[in-house]
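Chain by chain, the residues run as shown.
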Protein chains: 2
Amino acid sequence: MIAALAGGVGAAKFLECLVPLIEPGDLTIVCNTGDDMTLWGLYLSPDVDIILYTLAGIVDPVKGWGVRGDTFNTLAMMRQYGLPDWFNLGDRDLATHIYRTALRHTGKTPSEITETLRRGLGVIARVLPMTDDPFETHVLTDSGRMHFQEYLVQRRALDTVQEVIYHTPLGARPAPGVLEAIAQADGVILCPSNPLASIGPILSLAGVRDHLCATPAPVLAISPIVGGKTLKGPADRMMAGIGLETSARQVAFLYQDFLDIFVLDQTDADLQGDIEALGVSVLVTDTIMNTPEKKTDLAKVVLRALND
Amino acid sequence: MIAALAGGVGAAKFLECLVPLIEPGDLTIVCNTGDDMTLWGLYLSPDVDIILYTLAGIVDPVKGWGVRGDTFNTLAMMRQYGLPDWFNLGDRDLATHIYRTALRHTGKTPSEITETLRRGLGVIARVLPMTDDPFETHVLTDSGRMHFQEYLVQRRALDTVQEVIYHTPLGARPAPGVLEAIAQADGVILCPSNPLASIGPILSLAGVRDHLCATPAPVLAISPIVGGKTLKGPADRMMAGIGLETSARQVAFLYQDFLDIFVLDQTDADLQGDIEALGVSVLVTDTIMNTPEKKTDLAKVVLRALND
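Presented here is an overview of the structure given in this document. From a predicted model like this one, the values you see are computed outputs, not experimental measurements.

### Re the packing of aromatic side chains
Residue and element names in this part refer to chain B.
Phase 1: Evaluated as defined, the whole model comprises 10 aromatic pairs over all chains.
Phase 2: Measuring from centroid to centroid gives 5.7 Å for Trp-86 and Phe-87, while their planes differ by 85°, and the two rings are edge-to-face.
Phase 3: What makes Phe-87 buried here is its relative accessible area of 12%.
Phase 4: Lying across the ring of Tyr-43, Arg-104 places its NZ or CZ 4.1 Å from the centre.

This is the structure we're talking about:
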């Protein structure tokens, strides 16, 4: 059994190639929900949906989110009504949000809803939202404090981030099964996701870090930073903004208290020594998942490392 | 000022041609809401939407409901989730339902919401839902009691209707402005809509019938029954099912306590004497709105009759 901590697109691309290599059902994915938001009265859970759509084989392969071949006609009409139109919701995608919202209004938890959606989409892997409690990732920027989606999508990540804030007004506990999945896993994978906006929220939940430290199973992370940059998303700018070095080494440093293995892109081979000095094993390989073969190769390398 | 009591498609076709003939804003439309329902947690108000879309010039001209050129991709995805797919909701249309639902959840009344949608769609005529209170038109059939939409859309009006029930668990009052619109009108029009399922619900609201009886202004109805049949919809079958004669004469009889003028299709010219015997003036004309010219002619005849 493998447990994976996941954000959105980067994680989904990796997990898509991991799944065919393991026994069906041998994977529990813990998804970031700090990006969750409401729009037009609908509950959106972008990272959960990206993971579900990708594993269901219906994700838009170019964008990495949304549903392949989707149309955007509800959005066009919302624009006519003068409602917010900055979040690109497709018509098929919208069915998920309407369904989630209807289930929320009947009192179902995010965990229960995710399970219903997973079955509806025919996804085999177990997918857990990181928490059933309200949790919003905010960023404090030179333009003020805002929801992460507002920073990322509405304002195109152009503001300078000064601080990342996990806003949990009522306190947030890990969702049912999250700590158990970590404790029972034969290997834990931190997917190549934003360490501040995707993995960080999961690590902030009570008990998660402790369980990662305590497990005798190997804990492995794949660096989302390659050559000092992210391939996609604002993790590099966010790290720089809050005064961190923009490097794979910095990511390993953020995880060092529980990390056993760090997967480094060959571009960053020169960082191997520094990271090993933190007491972490380093695996140097090609982590840039720009072809199906490379994605599969990365998944194979990771599985081999966990089984060693 | 004209007040019109309206159902869906038949009323909308007539009102579309009435509007260009009168001063902008000189019309208040009171819409049936007995067909309202919730689907996927969304509030639908089919007759209100048909009226708004038609007057906004965006209605699907073939079906008479929904938005012209709409796609049905959310619906397709809902089908994949195994959710009810019998109500044909288009993607653009859905924006209205999502918006309405979001406004409902913020505590807005149907009247306030209809006003917001009206302005959003650029409709000039005043459009009022008949009530802000819960009101469901049910039919008792040989297959049991069901919501009118279930009978009409899901079961294609194939069951025999034995009784029409206006289900108002908390009592339903006319929405703000409805009685005033009738009282202040220089003429009242009952559109060619189903007398049991569209006009009947409006007439059932406390004070509406009294105000129609009391007004010195002419009250005119256009027969939705031509040659013993409806052109569209199940009004004829419903009337037969509950033991009423399926005729224009029967419609006039249902309205006789307040009716001044009844507009009869030339097919039914032989009923003129019977209806005049009820103390109602009869206007015989071509009421079948199958060309733009005929629709406009009907609207002109009606306006002339109200002004005489």
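Moving on, there is more to tell.
### Digging into the relation of the copies chain B and chain A
Phase 1: It takes a turn of 180° to lay chain B on chain A, together with a shift of 0.0 Å along the axis; the resulting RMSD is 0.0 Å. Within this description, the copies of the chain are treated as partners about a two-fold rotation axis. Taking C-alpha positions as the reference, the residue of chain B nearest the rotation axis is Asp-91 of chain B, at 3.1 Å.
Phase 2: When the interface residues of chain B are mapped onto chain A, 100% of them again lie at the interface, so the same face is used by both copies.

### Some details on the environment of Glu-245 of chain A
Residues and elements named next belong to chain A.
Phase 1: Along the polypeptide, Glu-245 turns up in the loop between α10 (235-241) and α11 (248-255).
Phase 2: With a relative accessible area of 36%, Glu-245 lands in the partly exposed category.
Phase 3: Considered as a pair, Glu-245 and Ala-197 are 48 residues apart in the sequence and their alpha carbons are 16 Å apart.
Phase 4: Looking at Glu-245, its side chain comes within polar contact range of the side chain of Ser-247, at 2.4 Å.
Phase 5: There is a polar contact of 3.0 Å between the side chain of Glu-245 and the side chain of Arg-249.

### Brief notes about the environment of Leu-39 of chain B
Residue and element names in this part refer to chain B.
Phase 1: By the element assignment, Leu-39 lies in strand β3 (residues 37-39).
Phase 2: By relative accessible area, which is 6% here, Leu-39 ends up buried.
Phase 3: Leu-39 sits 20 residues away from Val-59 along the chain, and the two C-alpha atoms are 21 Å apart.
Phase 4: In this structure, Leu-39 is in contact with Leu-44, Pro-84, Phe-87 and Leu-89, ignoring residues within four places of it in sequence.

### So, helix α3 (residues 73-80) of chain A
Phase 1: Taken together, the buried positions of α3 of chain A are Asn-73, Thr-74, Leu-75, Met-77 and Met-78 of chain A.
Phase 2: Along its buried surface, α3 of chain A packs onto α4 (91-105) of chain A together with α2 (46-56), α3 (73-80), α4 (91-105) and α5 (110-121) of chain B.

### Remarks on the pattern of salt bridges
Phase 1: Under the counting rule described, the total for this entry stands at 26 salt bridges over all chains.
Phase 2: Between Arg-173 of chain B and Asp-133 of chain B there is a salt bridge, with the nearest N and O atoms lying 2.7 Å from each other. Here Arg-173 of chain B is found in the loop between β8 (161-167) and α7 (178-184), whereas its partner Asp-133 of chain B is found in the loop between β5 (126-129) and β6 (136-141), with 40 residues between them in sequence.
Phase 3: A relative accessible area of 56% means that Arg-173 of chain B is categorised as exposed.
Phase 4: When its relative accessible area of 15% is taken as the criterion, Asp-133 of chain B is described as buried.
Phase 5: Linked through salt bridges whose partners overlap, the residues forming this network are Glu-115, Arg-118 and Arg-119 of chain A.

### What about helix α1 (residues 9-18) of chain A?
All names here are of chain A.
Phase 1: Counting buried residues along α1, seven of its 10 residues qualify, which places the element largely inside the surrounding structure.
Phase 2: Considered for burial, the residues of α1 that qualify are Val-9, Ala-11, Ala-12, Phe-14, Leu-15, Cys-17 and Leu-18.
Phase 3: Looking at the packing, one finds that the buried side of α1 touches β1 (2-6), β2 (27-31), α2 (46-56), β9 (187-190), β10 (219-222) and α13 (292-307).

### Observations concerning the packing of α1 of chain A against α2 of chain A
Residues and elements named next belong to chain A.
Phase 1: In contact at an axis separation of 9 Å, α1 and α2 are set at 25° when each is read in the N-to-C sense. When the interaxial angle is binned, α1 and α2 end up roughly parallel. Our pair here, α1 against α2, has a crossing hand that is right-handed. Within the contact between the two elements, α1 uses Val-9, Ala-11, Ala-12, Leu-15 and Glu-16 and α2 uses Ile-50, Ile-51, Thr-54 and Leu-55.
Phase 2: Tallied by class, residues from the contact of α1 with α2 come to seven nonpolar, one polar and one charged.

Reading the values: the criteria
Residues numbered from 1 in each chain as written. Chains lettered and ligands numbered in written order. Predicted model: local features only at pLDDT ≥ 70, side-chain atom pairs only at ≥ 80, totals over all residues. Heavy atoms only, no water. Phe/Tyr/Trp six-rings, centres within 6.5 Å; stacked < 30°, edge-to-face > 60°. Buried < 20%, exposed > 50% of the residue type's maximum accessible area, 1.4 Å probe, protein only. Lys NZ or Arg CZ within 6 Å of the ring centre and 35° of its normal. Least-squares fit on C-alpha atoms with pLDDT ≥ 70 in both. Contact = heavy atoms within 4.5 Å. Helix = DSSP H or I, 4+ residues; strand = E, 2+ residues; numbered from the N terminus. Polar contact = N/O pair within 3.5 Å; in protein donor to acceptor, adjacent residues only side chain to side chain. Salt bridge = Lys/Arg side-chain N within 4 Å of Asp/Glu carboxyl O. Axes fitted to C-alpha atoms, helices over the stretch in contact; angles between N-to-C directions. Parallel < 35°, antiparallel > 145°, perpendicular 65-115°, else oblique. Left-handed = near helix turned anticlockwise from the far one by under 90°. Nonpolar A, V, L, I, M, F, W, Y, C, P; charged D, E, K, R; others polar.

It is worth stressing that arrangement in space is one thing and function is another; only the former is reported here.
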